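Commentary on secondary and tertiary structure
For reference, the chains in residue letters:
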Amino acid sequence: MKRTPLLNRHLSALIATLGHGDRIVLADAGLPMPPGVPVIDLAVVAGLPTLLDVLNAIKGELMIEAATRATEASPDLSNSIDTALATWAKDQGREIDRRATGHEDFKVETGAARAIIRTGEVTPYANLILVSGVAF
């Protein structure tokens, strides 16, 4: 059995296959899924798990260099994401480039993702694109 906290085999397998610059999407329950992009569906019921639950679960497994959220996200959600990413940057010892883009452009960008991780999040615009970094 793994020694790190992440137990979901689908998430572990995805993270193990990521290369530098690969993108994954953490999606709320309502984000449209682009054709051809694999989906790991973690949604159980509305609100379970949350975007931040999944973000915190994968941060010990993955180096990221950049993250993109929608500009339409509420200030509370944006602050929560920024706080989580700041903690992640500190933990990994490297800054994370953070940017925001309009939701329509965000949806277009999801088509280039290696996978989408669908959460049970129901907060509007609670979506995040993560760009894989390197550990060296």
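Residues numbered from 1 in each chain as written. Predicted model: local features only at pLDDT ≥ 70, side-chain atom pairs only at ≥ 80, totals over all residues. Heavy atoms only, no water.

Turning to the pattern of salt bridges, a few remarks are in order. If charged atoms from side chains of opposite charge come close, those side chains can pair. Within the structure shown, the criterion is met by 7 salt bridges. Two residues, D22 and R114, come together in a salt bridge whose shortest N-O distance is 2.8 Å. Of this pair, D22 sits in the loop between helix 1 (9-17) and strand 1 (23-27) while R114 sits in the loop between helix 4 (103-109) and strand 5 (115-118), and the two are 92 residues apart along the sequence. Where D41 meets R118, a salt bridge forms, and the shortest distance between an N and an O atom there is 2.9 Å. Of this pair, D41 sits in strand 2 (residues 39-41) while R118 is found in strand 5, placing the two residues 77 residues apart along the sequence. Owing to a relative accessible area of 45%, D41 belongs among the partly exposed residues under this scheme. Look at the salt bridges and you will find they share partners, linking R23, R99 and E109 into a network. (Salt bridge = Lys/Arg side-chain N within 4 Å of Asp/Glu carboxyl O. Helix = DSSP H or I, 4+ residues; strand = E, 2+ residues; numbered from the N terminus. Buried < 20%, exposed > 50% of the residue type's maximum accessible area, 1.4 Å probe, protein only.)

Here we take up a nonpolar patch on the surface. A contiguous nonpolar surface patch, about 270 Å² in accessible area, is contributed by V44, V45 and L48. With respect to the secondary-structure elements, L48 resides in the loop between strand 2 and helix 2 (51-58). For L48, a relative accessible area of 43% gives the class partly exposed. (Patch = residues over 30% accessible without salt bridge, like charges linked within 9 Å, V, L, I, M, F, W, Y side chains within 5 Å. Areas by Shrake-Rupley, 256 points an atom, 1.4 Å probe, with all protein chains shown as cover.)

Before going further, it helps to examine the pairing of strand 4 (residues 97-101). Pairing between strand 3 (residues 64-70) and strand 4: 5 bridges, direction parallel. Following the sheet pairing, A67 is matched in strand 4 by R98. The β-α-β motif built from strand 3, the intervening helix 3 (residues 75-92) and the parallel element strand 4 has right-handed crossover chirality. (Pairing = 2+ DSSP bridges. Right-handed = clockwise from strand over helix to strand, strands pointing away.)

Between L48 and the following residue, P49, the backbone shows a cis peptide bond with an omega angle of -10°. Position of P49 relative to the elements: it lies in the loop between strand 2 and helix 2. Here Y125, not a glycine, exhibits a phi torsion of approximately 65°, which is positive. Mapped onto the elements of the fold, Y125 is located in the loop between strand 5 and strand 6 (128-132). Judged by relative accessible area, Y125 falls into the partly exposed class, the value being 31%.

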